[in-house]
Amino acid sequence: MDVLLRGGPGDGQVVPGGGATLVWQACLYEITTEYSHRHGRGLRVYRHRPDCCEPYGRGAEDRCE
């Protein structure tokens, strides 16, 4: 299943995924109730968690790894 990433460095990317969360280039994205339509298909939207990106030096203390 492909999903759409919203926010963060992956904003607008369509990537394979599923489940409650996914990691894209060291950043955590969480599932939402939203759907978006791209190229005639519905895609589940995953929202960026800015506190879980590697550039912020975060990770272990917030279950972001």
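Basis of the calculations
- Residues numbered from 1 in each chain as written.
- Predicted model: local features only at pLDDT ≥ 70, side-chain atom pairs only at ≥ 80, totals over all residues.
- Heavy atoms only, no water.
- Helix = DSSP H or I, 4+ residues; strand = E, 2+ residues; numbered from the N terminus.
- Buried < 20%, exposed > 50% of the residue type's maximum accessible area, 1.4 Å probe, protein only.
- Contact = heavy atoms within 4.5 Å.
- Pairing = 2+ DSSP bridges.
- Axes fitted to C-alpha atoms, helices over the stretch in contact; angles between N-to-C directions.

A. Just the environment of Val 15, in detail. Here Val 15 is to be found in strand 2 (residues 14–16). When its relative accessible area of 9% is taken as the criterion, Val 15 is described as buried. Put simply, Val 15 and Leu 4 are 11 residues apart on the chain and 6.6 Å apart in space, counted from C-alpha to C-alpha. Discounting chain neighbours no more than four positions away, the residues touching Val 15 are Met 1, Asp 2, Val 3, Leu 5, Leu 22 and Trp 24.

B. Structural view of the sheet that holds strand 2. Spatial strand order, 2-1-5-4-3: 5 strands in an open sheet with mixed pairing. Across the chains shown, the open sheet's two edge strands, defined by having one partner strand only, are strand 2 and strand 3 (21–24). Put simply, the sheet's adjacent strands are angled 50° from each other on average, direction ignored. For strand 1 (residues 2–6) and strand 2, the ladder comprises 3 bridges, and the chain directions are antiparallel. Note that in strand 2 the partner of Asp 2 across the bridge is Pro 16.

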